[in-house]
Amino acid sequence: MSLVVSISSFLLLCELSISGCAELVDDCSSPAKEVSPLQTLSLSNISKFNIPADRTVLRFGKSEHFEIDGWEELASLSQHGLSLVGHRFITVWRCPQLQSLEAEEAELQPDKISRVESLKIASCDRLNRLPQVLHELTFLTVMEIQGCRGLVSFA
Ligand SMILES: *[C@@H]1O[C@H](CO)[C@@H](O)[C@H](O)[C@H]1NC(C)=O
């Protein structure tokens, strides 16, 4: 079953949490527009994410808290318009196919993710590197890495 959401509606929405969903689809009938950023975005146990990347960027791009958990199929963040940019507290859990947290074609720039204060990553078996810019994150106070067997070193 698909869950159809209208991510451009609800102009005052601060927090969005969706969990346990076979397919998440955007109701593209409303125009994609920049609305106030979500403070908290939590998407867990989503089997299939079917929201166009441009719409994801507009709505989810600047949420302070960014949590994804239990995405079996997620191979890259950028393919869905997701990224580490714009968030302060980042949690990525149980994404077994995810290989990298940055787009393949573009390494993250330090000035773009300098606001990150917390980075928690767990159970991402195929993750084989962390962004080079990690050591330039001057606000980073919490970093947790657990059960990422493919990861052998970081900057
Ligand atoms: C996601 O699924 C896992 C495993 O089935 C479960 O333990 C967890 O509570 C679920 N997460 C949420 C937020 O529902």
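The structure presented is a predicted model; accordingly, all values stated were derived computationally and were not measured. (Residues numbered from 1 in each chain as written. Predicted model: local features only at pLDDT ≥ 70, side-chain atom pairs only at ≥ 80, totals over all residues. Heavy atoms only, no water.)

## With respect to the overall build of the protein chain
1) Next: For the protein chain, the count of helices and strands is 2 helices and 7 strands.
2) Next: Listing the helices and strands of the protein chain from first to last along the sequence gives β-β-β-α-β-β-α-β-β.
3) Next: Dimensions of the protein chain, computed from C-alpha atoms along their principal axes, come out at roughly 45 × 30 × 25 Å.
4) Next: The buried share of the protein chain, reckoned over its 155 residues, is 41%.
5) Next: Considering only contacts within the protein chain whose residues lie at least 6 apart along the sequence, 66% involve residues at least 24 apart.
6) Next: One way to put it: in the protein chain the 13 positive side-chain charges average out to a point 2 Å from where the 20 negative ones average out. (Helix = DSSP H or I, 4+ residues; strand = E, 2+ residues; numbered from the N terminus. Buried < 20%, exposed > 50% of the residue type's maximum accessible area, 1.4 Å probe, protein only. Contact = heavy atoms within 4.5 Å. Lys, Arg positive; Asp, Glu negative; His and termini not counted. Charge placed at Lys NZ, Arg CZ, Asp CG, Glu CD.)

## Thoughts on the site of the ligand
1) Next: Lining the immediate surroundings of the ligand are Ser 19, Ser 44, Asn 45 and Arg 94.
2) Next: Asn 45 places a polar side-chain atom, nitrogen or oxygen, 2.3 Å from an oxygen atom of the ligand.
3) Next: Isolated, the ligand exposes 360 Å² of accessible area, and the fraction of that covered by the protein chains is 35%.
4) Next: Of the residues in the shell around the ligand, the class split is no nonpolar, 3 polar and 1 charged. (Near = heavy atom within 4 Å. Polar contact = N/O pair within 3.5 Å; in protein donor to acceptor, adjacent residues only side chain to side chain. Areas by Shrake-Rupley, 256 points an atom, 1.4 Å probe, with all protein chains shown as cover. Nonpolar A, V, L, I, M, F, W, Y, C, P; charged D, E, K, R; others polar.)

## Side note on the pairing of strand β2 (residues 15–26)
1) Next: With 4 bridges connecting them, strand β1 (residues 2–5) and β2 associate as parallel partners. Bridging across to β2, Val 4 finds its partner in Val 25. (Pairing = 2+ DSSP bridges.)

## What to know about the UniProt feature "signal peptide" (unreviewed entry) in the protein chain
1) Next: Within this structure's numbering, the places UniProt gives as "signal peptide" (unreviewed entry) are residues 1–22.
2) Next: What you have in residues 1–22 is 0% helix and 55% strand, and the ends, taken at the C-alpha atoms, are 6 Å apart. (UniProt positions renumbered as here; feature names shortened; annotations may be inferred.)

## Considerations on a nonpolar patch on the surface
1) Next: Taken together, the side chains of Met 143, Ile 145 and Phe 154 make up a nonpolar region of the molecular surface, amounting to roughly 240 Å² of accessible area.
2) Next: With respect to the helices and strands, Ile 145 occurs in strand β7 (residues 142–146).
3) Next: In this structure Ile 145 comes out as partly exposed when scored by relative accessible area, which is 30%. (Patch = residues over 30% accessible without salt bridge, like charges linked within 9 Å, V, L, I, M, F, W, Y side chains within 5 Å. Salt bridge = Lys/Arg side-chain N within 4 Å of Asp/Glu carboxyl O.)

## Remarks on unusual backbone geometry
1) Next: Backbone geometry places Asn 45, a non-glycine residue, at a positive phi of 55°.
2) Next: Secondary-structure assignment places Asn 45 in strand β3 (residues 40–50).
3) Next: On the accessibility criterion, Asn 45 (35% relative accessible area) is partly exposed.
4) Next: Even without a glycine there, the phi angle at Ser 123 is positive, about 55°.
5) Next: Mapped onto the secondary structure, Ser 123 falls in the loop between β6 (118–122) and β7.

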